[in-house]
Amino acid sequence: MEYQEYLELVDKINYHMDLYYNQDAPEISDFDYDQLMLQLKKVEGEHPEWVKEDSPTRRIGGTTKREAGVEVTHNVPMLSIQDVFSKEEVEDWVKQVKALHKDAAFSVEEKIDGLSMTLRYQDGNLTLAETRGDGRVGEDVTLNALVIPDVKKKIAIQGYLELRGEVYMSHEDFERFNESQEKLGKKTAANPRNLAAGTLRQLDSGVVKERGLRMYVFNVQQASGNELEGMEHIQALTYLSNMGIYVVPHKQCREIGEIFDEIDSIGDRRGELPYDIDGAVVKLDQVAYRQDFPAGSKYSAGHIAYKYPPEEKEVEIEEIEVAVGRTGKMTFRARFKEPVRLCGTNVQRATLHNIDFIQNMGISPGCKAICRKQGEIIPAIIRVTKQSEASYEAPRNCPICGHTLMREEETCDIYCNNPSCPAQVKRTIAYFAGKGAMDIKNFGTVYVEQLVDLGYLKDMADIYTLKNHREELIEQGIMGKEKNTDKILQAIEDSKQNDAYMLLTGLAIRNVGKVSAKEIMKHFRDIWELSQASIDTLTNLPDVGEITASCIYNYFREAQNLEMLKKLNDSGVNLKALSQGDNTGALEGLTFVVTGTLPTLGRKEVGELIENNGGKNTGSVSKKTNYLVAGEAAGSKLAKAVELGIPVITEEELLRMIENTN
Ligand SMILES: [Zn+2]
């Protein structure tokens with residue numbers, strides 16, 4: 001590996017570390033992350049001269065920053081556990097321990113996939129609960145810990161006691177949360193661990209109570225002036241358990257064979273557990289021996305964690321299912337002949353990404369392949385073990401409307417770009433009427449969806465025929481009573497006078513957003529003239545690349561699209577470019593960075609919203625940033641913005657900025 005590649009690897013790991021620890025929004029599986037880390041360790045072993053002070057291998061992980069969070073320095077550092085990925089490594093370690101301490105015993109425990117928390121008790125009263133943070137300094141989350149039923153507020157133990165455990169969310173609570181988010185049309189959480197992390201760091205303990213968190217204690221960190229002082233590990237866990245404290249499931253083992261059996265047994269039951277685990281911990285039972293086996297400043301002495309490989313099964317693929325997403329993109333899934341059990345759930349389908357993936361892997365109906373599922377990640381096909389006779393041909397027509405499909409070379413995605421495709425019609429009409437395009441006031445998505453369902457709208461041009469159904473609409477109360485219906489019908493009439501760039505935006509031609517539509521219409525008298533432009537002419541326009549040019553060109557080569565334009569024209573909708581006055585984008589000239597989890601908008605949505613209103617959405621905070629939009633569990637970007645004195649706003653404030661100017 002070259003030095004440059006090493007630096008790129010460091011950047012990549014830092015990026016994923018930030019997503020995982022600070023934003024609770026990982027993009028890759030833990031397994032893949034671990035692989036990157038192993039690669040880095042290997043390179044650093046070969047080139048110790050490259051290693052920097054702040055290399056990811058030398059840090060524990062997250063920063064502790066949270067809005068209004070109070071930092072606490074740990075009494076006993078909260079270190080992580082060194083991972084191993086093979087049984088040989090477990091065996092080597094046990095041998096080392098036994099060589100020094102013949103009578104060594106071990107506790108083999110489930111490594112629950114949550115986040116670590118330490119509880120401090122003084123004379124039986126809970127005085128402080130702290131998260132791990134960077135291992136030395138964490139965050140005070142006492143108020144939240146108080147509403148976790150598994151956390152004892154009072155215990156009958158005198159003197160000082162410090163317990164460490166894992167806070168986690170059960171599958172049941174996780175599913176309950178996601179179901180209710182889905183009902184509300186809000187963002188769902190990726191996995192129980194991230195949701196548990198986001199929940200524990202909430203500022204409002206009412207939210208913590210409602211979502212439900214659990215905790216297992218797995219270590220006595222410190223004890224003085226009580227019976228636990230000087231106790232061995234398992235003895236202490238038993239003592240705590242007898243007092244009604246939930247302690248991590250554990251088993252005492254002495255020989256390597258017993259340790260392997262217990263690791264296998266945990267592995268076998270991991271699918272059935274009501275929570276996620278990500279490995280098995282092997283720790284020295286004799287607390288005093290632990291210091292003889294330090295594992296560096298990052299890791300707890302006398303501990304190792306065995307990580308299970310991802311679960312894989314061979315499946316027979318019976319069919320490749322093609323569905324049309326709301327954006328017109330074809331999505332592919334493999335349906336198996338028989339369901340297989342993976343990580344405790346029955347799996348009968350796996351995602352197939354895109355057509356290139358399918359063809360490069362040689363996936364086709366009748367083939368046999370390996371399906372992998374690890375924890376939260378959607379099952380995926382990782383390789384084909386037996387090809388079938390026939391190869392899979394990409395569909396040429398939309399499975400819903402039959403329209404010829406278009407392939408986007410850069411992304412390998414296939415689209416149905418028929419604006420009246422029933423699979424996408426609700427979205428295209430709502431987009432056409434929406435703020436970013438024709439801006440028909442009060443004519444929201446809810447009305448559009450109902451009108452499509454009732455057959456009043458089949459394409460965007462039908463909006464202008466709604467006035468012919470005024471009486472029926474009022475009678476059925478679809479858009480409220482008479483007053484509201486008339487208001488909306490009037491707004492629809494008014495929108496006919498809109499500048500042509502708004503109409504062009506509303507046509508939802510791929511890659512043509514509001515900003516480019518505005519720029520493009522500076523160069524044409526009307527939409528008809530644009531429709532005649534050659535690819536060359538289009539490519540020569542500022543901000544128009546080859547792909548966008550061909551999207552525009554192809555759009556106007558479709559008879560259906562020209563018909564729709566004619567329909568719009570006949571309804572009296574303006575197709576002419578009016579005087580190009582000042583920019584109307586509410587966020588024109590402003591640069592934004594978004595961080596953390598926003599209450600209602602997803603990352604992609606908020607990015608589009610900013611761009612559709614003329615703003616620039618960038619990834620990192622710099623002096624050029626005008627506003628940082630921060631949500632729950634905002635991380636290092638928030639700290640940076642505060643440091644640079646950049647205004648920090650909420651999602652609500654962002655929406656208000658757009659409202660006010662529009
Ligand atoms: Zn279609």
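A.B. asks: Any chance you could explain the overall build of the chain here in plain terms?
C.D. replies: Across its full length, the chain carries 23 helices and 22 strands. Split into buried and exposed, the 662 residues of the chain put 37% on the buried side. Put simply, 67% of the contacts in the chain that link residues at least 6 apart link residues at least 24 apart.

A.B. asks: Whenever I open this one, the sheet that holds strand β5 (residues 125-131) confuses me. Can you help?
C.D. replies: Backbone hydrogen bonds are what pair the strands of a sheet, in a parallel or an antiparallel way. Pairing in this open sheet of four strands is antiparallel, and the strands run β5-β4-β7-β8 from one edge to the other. Sheet topology places β5 and β8 (214-224) at the edges, where each strand pairs with a single neighbour. With strand direction ignored, the average angle separating the axes of adjacent strands in the sheet is 25°. As paired elements, strand β7 (residues 160-168) and β8 share nine bridges and run antiparallel to each other. Bridge pairing in β8 places E166 opposite Y216. Sitting on the sheet, helix α6 (residues 192-200) is in contact with β4 (115-122), β5 and β7, with an inclination near 130° to β7.

A.B. asks: Explain the domain arrangement of the chain to me, please; I cannot follow it from the model alone.
C.D. replies: In many reports, interface size means the accessible area that the parts give up when they come together. Structurally, the chain comprises domain 1 (3-58), domain 2 (71-306), domain 3 (311-386), domain 4 (425-570) and domain 5 (591-661). Inter-centroid distance (C-alpha atoms) of domain 3 to domain 5 is 36 Å.

A.B. asks: Is there a simple way to explain unusual backbone geometry in this structure?
C.D. replies: Among all residues save glycine, negative phi is the norm, and among peptide bonds the norm is trans. Even without being a glycine, D439 presents a positive backbone phi close to 55°. With respect to the helices and strands, D439 occurs in the loop between α11 (425-433) and α12 (445-453). The backbone of N442 shows a phi angle near 65°, a positive value even though the residue is not glycine.

A.B. asks: What is the right way to look at the nonpolar core in this model?
C.D. replies: Generally speaking, nonpolar side chains in soluble globular proteins are found buried as a group. In this structure, I363, I429, A433 and L504 are the most contacted members of the largest nonpolar core, which totals 71 residues. Residues lining this core come from more than one domain, with at least three contributed by each of domain 3 (311-386) and domain 4 (425-570). Counting 37 residues, the second largest nonpolar core, distinct from the first, contains V141, Y168, V220 and L237.

A.B. asks: What am I meant to see in the packing of helix α3 (residues 87-100) against helix α9 (residues 256-269) here?
C.D. replies: Pairs of packed helices are described in terms of their axes, by the angle between the two and the distance that separates them. With their axes 11 Å apart at the nearest point, α3 and α9 run at an angle of 145° to one another. Classified by chirality, the crossing of α9 by α3 is right-handed. For the pair α3 and α9, the contacting residues are K87, V90, E91 and V94 in the first and I256, I259 and F260 in the second. Along the lines of polarity and charge, the residues of the contact of α3 with α9 split into five nonpolar, no polar and two charged.

A.B. asks: I keep staring at the environment of D30 and nothing clicks. Help me out?
C.D. replies: Of note, D30 is situated in helix α2 (residues 30-46). Along the sequence, D30 and D278 sit 248 residues apart, while their C-alpha atoms lie 8.9 Å from each other.

A.B. asks: Is there a simple way to explain the sheet that holds strand β2 (residues 83-84) in this structure?
C.D. replies: As summarised here, the arrangement of the five strands in space is β2-β11-β10-β3-β9, forming an open sheet in which the pairing is mixed. Strands at the two margins of the open sheet, each flanked by one partner only, are β2 and β9 (250-253). As paired strands, strand β10 (residues 277-284) and strand β11 (residues 303-306) are joined by four bridges and run antiparallel to one another. Its bridge partner being in β11, V281 is matched across the sheet by A305. Against the sheet, α3 makes contact with β2, β10 and β11, and its axis sits at roughly 160° relative to β11, the strand it touches most.

A.B. asks: Honestly, the confidence of the model for the chain in this entry has me stumped. Any pointers?
C.D. replies: Detailed reading of predicted coordinates is not advised where the pLDDT is low. Per-residue confidence for the chain averages 87 on the pLDDT scale, and 94% of its residues sit at or above 70. In the model of the chain, helix α23 (residues 651-661) stands out as the element of lowest mean pLDDT, 79, in contrast to β9, which has the highest, 97. Across residues 61-68, where pLDDT falls below 50, the model places 30 contacts with residues more than four positions away in sequence or in other chains.

A.B. asks: Hey, could you run me through α12 in this one?
C.D. replies: One full turn of an α-helix is made of 3.6 residues, so residues set three or four places apart face in the same direction. The complete set of buried residues in α12 reads Y447, V448 and L451. Buried residues of α12, viewed axially, fall in a sector of 100°; they line one side. Exposed residues lying more than 90 degrees from the buried face of α12 are V446 and D453. Tucked inside the fold, the buried residues of α12 contact α11. With its phi angle positive at about 90°, G455 sits one or two positions after the end of α12.

A.B. asks: Any chance you could explain the environment of E71 here in plain terms?
C.D. replies: Within the secondary structure, E71 sits in strand β1 (residues 71-73). According to the C-beta neighbour criterion, E71 is partly exposed, with 14 such atoms within 10 Å. Note: C-alpha distance between E71 and V141 (70 residues apart in sequence) is 9.5 Å.

A.B. asks: Can you help me understand the packing of α11 against α12 in this one?
C.D. replies: One can describe the packing of α11 onto α12 by two numbers: an axis separation of 9 Å at closest approach and a directional angle of 135°. Taken as axis vectors, α11 and α12 run oblique relative to one another. With respect to the hand of their crossing, α11 and α12 are arranged in right-handed fashion. The residues of α12 that touch α11, namely those facing V425, K426, I429, A430 and A433, are T445, V448, E449 and V452.

A.B. asks: Explain the pairing of β10 here, please?
C.D. replies: Consecutive residues of a regular strand have side chains that alternate between opposite faces of the sheet. A large share of β10 lies buried, amounting to eight of its eight residues. Bridge count between strand β3 (residues 106-112) and β10: six bridges; the pairing is antiparallel. By the bridge assignment for β10, S107 is matched with K283.

So, how was this worked out
Residues numbered from 1 in each chain as written. Predicted model: local features only at pLDDT ≥ 70, side-chain atom pairs only at ≥ 80, totals over all residues. Helix = DSSP H or I, 4+ residues; strand = E, 2+ residues; numbered from the N terminus. Buried ≥ 20, exposed ≤ 12 C-beta atoms within 10 Å, placed from the backbone. Contact = placed C-beta atoms within 7 Å. Pairing = 2+ DSSP bridges. Axes fitted to C-alpha atoms, helices over the stretch in contact; angles between N-to-C directions. Domains from an automatic or database assignment. Core = buried A, V, L, I, M, F, W, Y, C linked by C-beta atoms within 7 Å. Left-handed = near helix turned anticlockwise from the far one by under 90°. Nonpolar A, V, L, I, M, F, W, Y, C, P; charged D, E, K, R; others polar. pLDDT = per-residue confidence, 0-100. Arc of directions from axis to C-beta. Parallel < 35°, antiparallel > 145°, perpendicular 65-115°, else oblique.

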